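Spelled out, the chains give:
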Amino acid sequence: MAVEATLDRPRVGMGASPAKPRRIIPGFGITLGFTLAYLGLIVLIPLAALILKSSGIGLSGFWSTLSSPRVLAAFRVSFGIALAAAAINAVFGMLVAWVLVRYRFPGKGLVDALVDLPFALPTAVAGIALTALYAPNGWIGSLLMQWFGLKVAFTPLGILVAMTFIGLPFVVRTVQPVLQELPPEEEEASACLGASRAQTIGRVVLPALLPALVTGFALAFARGVGEYGSIIFIAGNMPGVSEIVPLIIVTKLEQYDYAGAAAVGTMMLAVSFILLLVLNALQHWMRVRHAR
Amino acid sequence: MRVDRSALTDPAWVRVALTATALLFLALFLVLPLASVFVEAFRRGFDAYWKAITEPDAAAAIRLTLLVAVIAVPANLIFGIAASWCIAKFDFRGKNLLITLIDIPFSVSPVISGLVYVLLFGLNGLLGPVLREQGIQIIFALPGLVLATIFVTFPFVARELIPLMQEQGTEEEEAALVLGAGGWQTFRRVTLPNIKWGLLYGVLLCNARAMGEFGAVSVVSGHIRGETNTMPLHVEILYNEYNFVAAFAVASLLAFLALVTLVAKTLLEWRFGAELAATRR
Amino acid sequence: MSIVLNGITKRFGNFLALDTVDLEVRAGELLALLGPSGSGKTTLLRIMAGLEFPDAGTLRMDGEDATDRKPRDRQVGFVFQHYALFRHMTVFDNIAFGLKVRPRGERPSATAIRAKVEQLLSLVQLEQFAGRYPTQLSGGQRQRVALARALAIEPKVLLLDEPFGALDAKVRKDLRRWLRGLHDEIHVTSVFVTHDQEEALELADRVAVMGHGRIEQIGTPTEVYDRPASAFVFDFLGNANKLEGVVEDGVARLPGNLSVAVRGRKPGRALAFIRPDDITLAHAPDGPARITAIHAIGPTARIDVDLDGTALEVALPRTGLETLALRTGDRCRVSLGQVHLF
């Protein structure tokens, strides 16, 4: 029957004589045309302008912009802390997903819905709220100060808090559906074969969740690297210490250093795309490995 | 065969410990920040709150935010329908590339989303001199805000509709056409009713982001009070002026919008989950 | 309405779905397109409906060229394999759709539409289901709604894609009989696609057997069954023993020392088809064949025979089996009735 579907009832295709009405469903030309035009005008041409502008300063100019200590430090801060935040989210996101799928407790539906808050809450609002909480006189900040002498807001730790907040839903939302679909028979089979609960989790459950976990981690990391709104309030923005890459771009723009901003922007874009490619490869790998 | 029960379910103390840890983490990172917005907003009482959200600059920011969303959301809605129609109902070369390209704005830093338009339309930008001669201002004006907002909310509707329409296939449309319906009739009477909840879902998320966007609009806005300040930018200005109550008052409106969005989203997922792509991914 | 197809060719990428097909559908007949998966039968049906357009060839409806005519101008009723009912519309609205979308000038009044739909609902015996949604119906009921919806536009030709494919065996048989009765009542030119030979032979006035994008044979069910035109048709109509043999000196030599006289056939390898009921068995302790199994259920007994390493299937009436008194393991002699050689 699989052959029936592909050979006997094919989808409308391209590449025949244009004189005849090839597609029975109307609107292909106009919708594809509009899609391409809109995509080009809104996304592709502006992105091309970014690359064009940054190439205007030449390779040496590009390099000297990127290799300035302040920019390098910002890259270290952005990527390093985003990595740490994604790791935190991998652990706790996994935990939250596990609890939401496997356990029952009052208010579960509410908690499940609330996980998406960082997607819905404007970043500026998140930024000032987190700052207020973690500032030395805030609800949490004062406690941390009292108990551990720890200063969170206006330090790199603040950036970590903000990045953890905005990356939180990614791991939960990628792991949750996979965990839900995981057939209980696999765990039962493992138990029947004599594995302990810990062995079952470690050898049966975790490997099945790993691809989703890695995807969620990468998404949270990418989001953290690009994040601006929630961080600038809590970071303190000290050059070399708690200054993130997006802020460098904004600063350069304010100084009318368009080429410099474009160079840093292009670099970020390149990293984003590499991440996207890695992600796609991961998802492909996941599909092949867990083809059901 | 006897199976050790502890091998199938976690012991009670593990369940309680894990649930408590997860809830504590969520409370710390989600509930407290949300609660603090409203607490800080009403710190000086309702009158101060009311004054903060009704003073002329705040009102102008609210109007501007609504205006930007009213332009950007329908634009992306029309795009989303067009893109999902040609992608889901037809086969053509380069389709997967197109789907990937549509997703680009989600993987780009919001700051870059604004930056690209400054580089294109700004004073020192590629088209800057031409635009200045014509007396057209895009950056530091409404068009720039709209463009940046469209950019960051670009994929929302398309992303929800493409898998939904792909799954629904083309048979119902073909049936309608054989029964004598025209193209527009087919879309309005057959396709649209099948995707309406997915459409609403996409629009909901698109709108939340459009009204709440900060990074991208911050770059193109120029921060002119009462003129090019959207609500999130107004929050920033008030906060940087140490006018915390007013900042949190305006922020509370945005937080309220986020809550409404979450509630509506959850309701849609709960009531029409089978007719959404997002809940079945 | 009659449909005449001439030299219809259709490719999908590198796959040749239809290879210069000629076919005439006569006015008022019920024609079956019978073939295996990938034989092109559904593509041919979709070309008649205007859902697919041929790369080459012409299609004439009642003598007029309709090759490029859009489906809405063809007045065909199409019943999709999985029915393609509009899932958000009630049964009533599904059936009324084709009338409601007509241009204002040609659209019947609301009361006329209601009357028409009610008439169709009673025709398909679903009067009490008008307000239901497709998901609330059984497979057979959906099928009848799809049929009523197709009939609502008073089509000149009715096209059905695997009309019983998605139904279980019992419903299938009932609906088959019902559809034949319906056709005898309204006499609309109808073409249906099926991969089930029993269905095609029982239901259709004529059967077109398709394979590899071509029409292998077309004729009445009796013609096709009794005189298959090719090995493919014989094979596909099924239920036949296939023996490989060699033709020499006007005789086809088959396994087990069997031979059949043939006239006017060149020497060489040949394929012989023999239907199970064209084989007779006789007790013979030194015979070349051995009985491996006997399935005696119902009026006809099926006997598996091993003939020199070739498995044969033989059908005997139960009474015949009892007279022969054959048992599993017995050796026997085999004689062939009608043999089709290709």
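Predicted model, so just to flag it, every value in this text is computed and none were measured.

Enquirer: Any chance you could explain the overall build of chain C here in plain terms?
Expert: When helices and strands are counted, chain C shows nine helices and 20 strands. In terms of overall dimensions, chain C has C-alpha extents of about 80 × 45 × 35 Å along its principal axes. With 342 residues in all, chain C has 51% of them scored as buried. Taking the contacts inside chain C whose residues are at least 6 apart along the sequence as the reference set, 64% of them involve residues at least 24 apart. Looking at chain C as shown, the accessible area adds up to about 15,200 Å², and 48% of this sits on carbon and sulfur atoms. Averaging the positions of the 44 positive and the 43 negative side-chain charges in chain C gives two centres separated by 4 Å.

Enquirer: Would you mind showing me how to read the overall build of chain A here?
Expert: When you go through chain A residue by residue, the secondary structure sums to 14 helices and zero strands. Listing each helix as α and each strand as β along chain A from the N terminus yields α-α-α-α-α-α-α-α-α-α-α-α-α-α. Taken against the 2.2 N^0.38 rule, which gives 19 Å for 292 residues, the C-alpha radius of gyration of chain A at 24 Å runs more than 25% over that of a compact globule. The principal-axis extent of the C-alpha atoms belonging to chain A is close to 70 × 60 × 35 Å. Looking at the 292 residues of chain A, the share that counts as buried comes to 54%. Pairs at least 24 apart in sequence give 71% of the contacts found in chain A among residues at least 6 apart. When the accessible surface of chain A is summed, it comes to about 12,700 Å², and 70% of that surface belongs to carbon and sulfur atoms.

Enquirer: Mind showing me how you'd approach the interface of chain B and chain A here?
Expert: Interface size is commonly expressed as the accessible surface area that is lost when the partners come together. Opposite the 94 residues of chain B that make contact, chain A presents 90 residues. In this assembly, chain B packs against chain A so that about 8,100 Å² is buried in total across both faces, 79% of it on carbon and sulfur atoms. In terms of surface lost to chain A, no three residues of chain B exceed Phe29(B), Leu30(B) and Phe90(B), which account for 8% of the buried area on that side. Here chain B is connected to chain A by one salt bridge. Per element, the largest residue contribution to the side of chain B that touches chain A is 20 residues, and it comes from helix H1 (residues 12-41) of chain B. Classifying every residue of the side of chain B that touches chain A gives 63 nonpolar, 19 polar and twelve charged.

Enquirer: Explain helix H5 (residues 169-186) of chain C here, please?
Expert: All names here are of chain C. The end-to-end C-alpha distance of H5 is 26 Å, a good match for the 26 Å that 18 residues give at a rise of 1.5 Å each. Considering only its buried residues, H5 is in contact with strand E3 (30-34), helix H3 (110-123), helix H4 (139-152), strand E7 (157-161), strand E8 (189-194) and helix H6 (197-203). At the exit of H5 stands His 187, carrying a positive phi of roughly 55°.

Enquirer: Quick question: what am I supposed to make of the interface of chain B and chain C here?
Expert: With 17 residues of chain B at the contact, the number on the chain C side is 21 residues. Overall, the association of chain B and chain C removes approximately 1,800 Å² of surface from exposure, summing both partners, and the carbon and sulfur fraction of that is 60%. Our enumeration of links across chain B and chain C arrives at two salt bridges. Here Arg46(C) and Glu174(B) are joined by a salt bridge, their closest N and O atoms 2.7 Å apart. Applying the counting criterion to the chain B and chain C interface returns six residue pairs in polar contact (both at pLDDT 80 or more). Elements represented by at least two residues in the side of chain B that touches chain C include exactly helix H9 (171-178) and helix H10 (183-212) of chain B. Broken down by element, the residue count for the side of chain B that touches chain C peaks at seven residues, all from H9(B). Tallied by class, the residues present in the side of chain B that touches chain C amount to eight nonpolar, five polar and four charged.

Enquirer: For this particular structure, what's the right way to read the sheet that holds strand E5 (residues 64-65) of chain C?
Expert: Paired through their backbone hydrogen bonds, the strands of a sheet run either parallel or antiparallel. All names here are of chain C. What the four strands build is an open sheet, ordered E2-E1-E4-E5; its pairing is antiparallel. In this open sheet, the two edge strands, each paired with only one partner strand, are strand E2 (15-25) and E5. Note: strand E4 (residues 56-61) against E5, two bridges, orientation antiparallel. Among the inter-strand pairings, Arg 60 is bridged to a residue of E5, identified as Asp 65.

Enquirer: How do you make sense of the packing of aromatic side chains when you look at a structure like this?
Expert: A full pass over the atoms with the stated rule returns 34 aromatic pairs over all chains. With centroids separated by 5.4 Å and ring planes inclined at 55°, the aromatic side chains of Phe28(A) and Phe92(B) adopt a geometry described as tilted. One end of the pair, Phe28(A), is in helix H2 (residues 28-55); the other, Phe92(B), is in the loop between helix H3 (56-89) and helix H4 (95-103), on a second chain. By relative accessible area, Phe28(A) is classed as buried at 10%.

Enquirer: How should I be thinking about the nonpolar core in this particular structure?
Expert: Looking at soluble globular proteins, one finds that nonpolar side chains tend to be buried together. Membership of the largest hydrophobic core comes to 226 residues, with the highest contact counts inside it found for Tyr134(A), Ile102(B), Leu23(C), Leu33(C), Leu44(C) and Met48(C). Take this core: its biggest share by element is 18 residues, from helix H4 (residues 69-102) of chain A. Residues contacting Ile102(B), with those up to four places away along its chain left out, are Leu39(A), Phe79(B), Ala83(B), Ile87(B), Phe154(B), Pro155(B), Ala158(B) and Ile162(B). Leu120(C), Val224(C), Val233(C) and Leu237(C) belong to the second-largest nonpolar core, a separate cluster that totals 47 residues.

Enquirer: For this particular structure, what's the right way to read helix H1 (residues 41-49) of chain C?
Expert: Every α-helix winds through 3.6 residues per turn, so residues three or four apart in the chain are directed the same way. All names here are of chain C. Among the nine residues of H1, nine are classified as buried, and the element is accordingly described as predominantly covered. Among all positions of H1, only Lys 41, Thr 42, Thr 43, Leu 44, Leu 45, Arg 46, Ile 47, Met 48 and Ala 49 are buried. Taken from the residues just after H1, Gly 50 is the one with a positive phi, measuring 85°.

Enquirer: Just to check I follow, could you spell out the sheet that holds strand E14 (residues 268-274) of chain C for this structure?
Expert: All names here are of chain C. With antiparallel pairing, the five strands of this open sheet are ordered in space as E13-E12-E11-E14-E20. In the strand order of this sheet, the two ends are held by strand E13 (258-261) and strand E20 (340-341), each with one partner. As paired elements, strand E12 (residues 251-254) and E13 share four bridges and run antiparallel to each other. Bridge pairing in E13 links Ala 252 to Val 260.

Enquirer: Any chance you could explain the confidence of the model for chain C here in plain terms?
Expert: Detailed reading of the predicted model is not advised wherever pLDDT is low. With 100% of its residues at a pLDDT of 70 or more, chain C has an overall mean of 89. The complex prediction reports pTM at 0.84, with the ipTM value standing at 0.90.

Enquirer: How do you make sense of the side chain of Arg144(C) when you look at a structure like this?
Expert: Residue and element names in this part refer to chain C. Along the chain, Arg 144 turns up in helix H4. Here Arg 144 is buried and forms no salt bridge, its nearest opposite-charge partner Glu 127 lying at an N-O distance of 7.7 Å. Reaching out from Arg 144, the side chain makes a polar contact with the backbone oxygen of Val 124 at a distance of 3.0 Å. In this structure, Arg 144 is in contact with Val 124, Gln 125, Leu 126, Leu 175 and Trp 178, ignoring residues within four places of it in sequence.

Enquirer: Would you explain the packing of H1(B) against helix H13 (residues 244-272) of chain B in this entry?
Expert: Each pair of packed helices gets described by two things: the angle between the helix axes and the distance between those axes. Residues and elements named next belong to chain B. At a minimum axis distance of 8 Å, the contact between H1 and H13 shows a crossing angle of 135°. In terms of axis orientation, H1 runs oblique to H13. Considering how the two elements wind past one another, H1 and H13 form a crossing that is left-handed. Two secondary-structure elements touch here, H1 through Leu 34, Ser 36, Val 37, Phe 38, Glu 40 and Ala 41 and H13 through Val 245, Phe 248, Ala 249, Ala 251, Ser 252, Ala 255, Phe 256 and Leu 259. A breakdown of the residues in the contact of H1 with H13 according to their chemical character gives eleven nonpolar, two polar and one charged.

Enquirer: Would you explain the environment of Lys53(A) in this entry?
Expert: Note on placement: Lys53(A) falls in helix H2. The class for Lys53(A) is buried, based on a relative accessible area of 19%. Expressed as a C-alpha distance, the spacing of Lys53(A) and Val204(A), which sit 151 residues apart in the sequence, is 51 Å. Of the polar contacts made by the side chain of Lys53(A), one reaches the backbone oxygen of Asn124(B); its length is 2.8 Å.

About the criteria used
Residues numbered from 1 in each chain as written. Chains lettered and ligands numbered in written order. Predicted model: local features only at pLDDT ≥ 70, side-chain atom pairs only at ≥ 80, totals over all residues. Heavy atoms only, no water. Helix = DSSP H or I, 4+ residues; strand = E, 2+ residues; numbered from the N terminus. Buried < 20%, exposed > 50% of the residue type's maximum accessible area, 1.4 Å probe, protein only. Contact = heavy atoms within 4.5 Å. Areas by Shrake-Rupley, 256 points an atom, 1.4 Å probe, with all protein chains shown as cover. Lys, Arg positive; Asp, Glu negative; His and termini not counted. Charge placed at Lys NZ, Arg CZ, Asp CG, Glu CD. Rg over C-alpha atoms; globule rule 2.2 N^0.38 Å. Buried area = accessible area lost by both parts, 1.4 Å probe. Salt bridge = Lys/Arg side-chain N within 4 Å of Asp/Glu carboxyl O. Nonpolar A, V, L, I, M, F, W, Y, C, P; charged D, E, K, R; others polar. Expected span 1.5 Å × (residues − 1). Polar contact = N/O pair within 3.5 Å; in protein donor to acceptor, adjacent residues only side chain to side chain. Pairing = 2+ DSSP bridges. Phe/Tyr/Trp six-rings, centres within 6.5 Å; stacked < 30°, edge-to-face > 60°. Core = buried A, V, L, I, M, F, W, Y, C linked by side-chain atoms within 4.5 Å. pLDDT = per-residue confidence, 0-100. Axes fitted to C-alpha atoms, helices over the stretch in contact; angles between N-to-C directions. Parallel < 35°, antiparallel > 145°, perpendicular 65-115°, else oblique. Left-handed = near helix turned anticlockwise from the far one by under 90°.

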